[in-house]
Amino acid sequence: MNFFRSCVFLCLCLAGCGVKVPYTNQIKNDFNLDSEREVKKVQFYISSTIILQKSKSSGNQGTADNGSLIASSNKEQDRIIIPVNAKCIFDKYGDNDALIVRFETGVNKTISFSVRPGQANGKYYLVADWYQEKGGKITYGDDIYYATPSSGSAYLQVVLKKLQKTKRKDRIIKGMKV
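Residue numbering note: each chain is counted from 1, following its sequence as written. Restriction of local features to residues with pLDDT of at least 70 applies here, the model being predicted, together with a cutoff of 80 or more for giving and counting side-chain atom pairs; totals for whole chains, interfaces and linings are based on all residues. To obtain the side-chain values, all non-hydrogen atoms of the structure were used and water was disregarded.

Visitor: How should the pattern of salt bridges be read in this particular structure?
Guide: Side chains carrying opposite charge are able to pair once their charged atoms draw close together. Any Lys or Arg side-chain nitrogen found within 4 Å of a carboxyl oxygen on Asp or Glu counts as a salt bridge. All chains considered together, the criterion is met by six salt bridges. As a salt-bridge pair, Arg102 and Asp91 come within 3.3 Å of each other at their nearest N and O atoms. Within this pair, whereas Arg102 is found in strand S6 (residues 99-102), its partner Asp91 is found in strand S5 (residues 87-93), the two being separated by 11 residues in sequence. Owing to a relative accessible area of 17%, Arg102 belongs among the buried residues under this scheme. For Arg168, the salt bridge is made with Asp170, and the minimal N-O distance between the two is 2.9 Å. The way it works is that DSSP assigns letters per residue, a run of H or I at least four long becomes a helix, a run of E at least two long becomes a strand, and they are numbered from the N terminus. Remark: exposure states derive from per-residue accessible area (1.4 Å probe, protein chains only) relative to the maximum for the residue type, with buried under 20%, exposed over 50%, and partly exposed in between.

Structure, rendered in structure tokens:
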């Protein structure tokens, strides 16, 4: 009997677990997420790591007192790393039905995700102006950053829970004796 109770408990626990799925227009329509008020209730996640980076370089050349030539250069890098499965919340809608989400508080610290034209899967991917040599140009806060090429594959996800409740009543009949 304890084995039976354990099996029932395990089934109920597994039935309540959620699975991360891509956020698509199909999900949006199935769950009536048409208004900003409804979308703000949804917890979003990202599918892969996003790395935003910017760098400044400076340098000068000259001669030392002993007559040797001196070339000096300085390079300063600033990187923002948003790890896989990081939680984010809906901030507002952007152009072309893009979702603008936020991973942290701060003025203009948002990132846009949108359905790519011609994509049959309907996933909301990271939006950036992509350049071959630098990556994807994104304004984050009040600064310009470049997303690494691998960041371009990041899309939004949501947790989908399928709840199913089953009630079963068993009765064991031993039979009759003459």
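Alright, that's what it looks like, and here's the rest.
Visitor: Got a minute to help me understand the sheet that holds strand S10 (residues 135-140) in this structure?
Guide: Sheets are built from strands that pair by backbone hydrogen bonding, the pairs being arranged parallel or antiparallel. One bridge is not enough; two strands pair if DSSP finds at least two bridges between them. The strand order across the open sheet formed by five strands is S4-S3-S11-S10-S9, and the pairing between neighbours is antiparallel. Every other strand in the sheet has two partners, leaving strand S4 (69-82) and strand S9 (129-131) as the edge strands with one partner each. The average undirected angle you get between the axes of adjacent strands in this sheet is 35°. Note: S10 against strand S11 (residues 143-147), five bridges, orientation antiparallel. What sits directly across from Thr139, in S11, is Ile144. All axes here are fitted lines through C-alpha atoms, helices being fitted over the stretch that makes contact, and every angle between N-to-C directions spans 0 to 180 degrees.

Visitor: Would you mind going over the pairing of S10 with me for this structure?
Guide: Remark: a regular strand shows side chains that alternate across the two faces of the sheet. Taken together, the three bridges between S9 and S10 define a ladder with antiparallel strand orientation. The residue bridging Tyr131 from the neighbouring strand is Gly135, located in S10. Hairpin connection of S9 to S10: three residues between the antiparallel strands. Counting the residues between successive antiparallel strands, the hairpin from S10 to S11 contains two residues, one of them, Gly141, with a positive phi of roughly 70°.

Visitor: Whenever I open this one, unusual backbone geometry confuses me. Can you help?
Guide: Excluding glycine, a negative phi dihedral is what most residues carry, and trans is how most peptide bonds are arranged. Its identity is not glycine, yet Asn32 carries a phi of approximately 50°, on the positive side. Residue classification places Asn32 among the exposed residues on the basis of a relative accessible area of 53%. We note that Asn108 has phi near 60°; this positive angle belongs to a residue other than glycine. Relative to the helices and strands, Asn108 is located in the loop between S6 and strand S7 (110-115). Judged by relative accessible area, Asn108 falls into the partly exposed class, the value being 43%.

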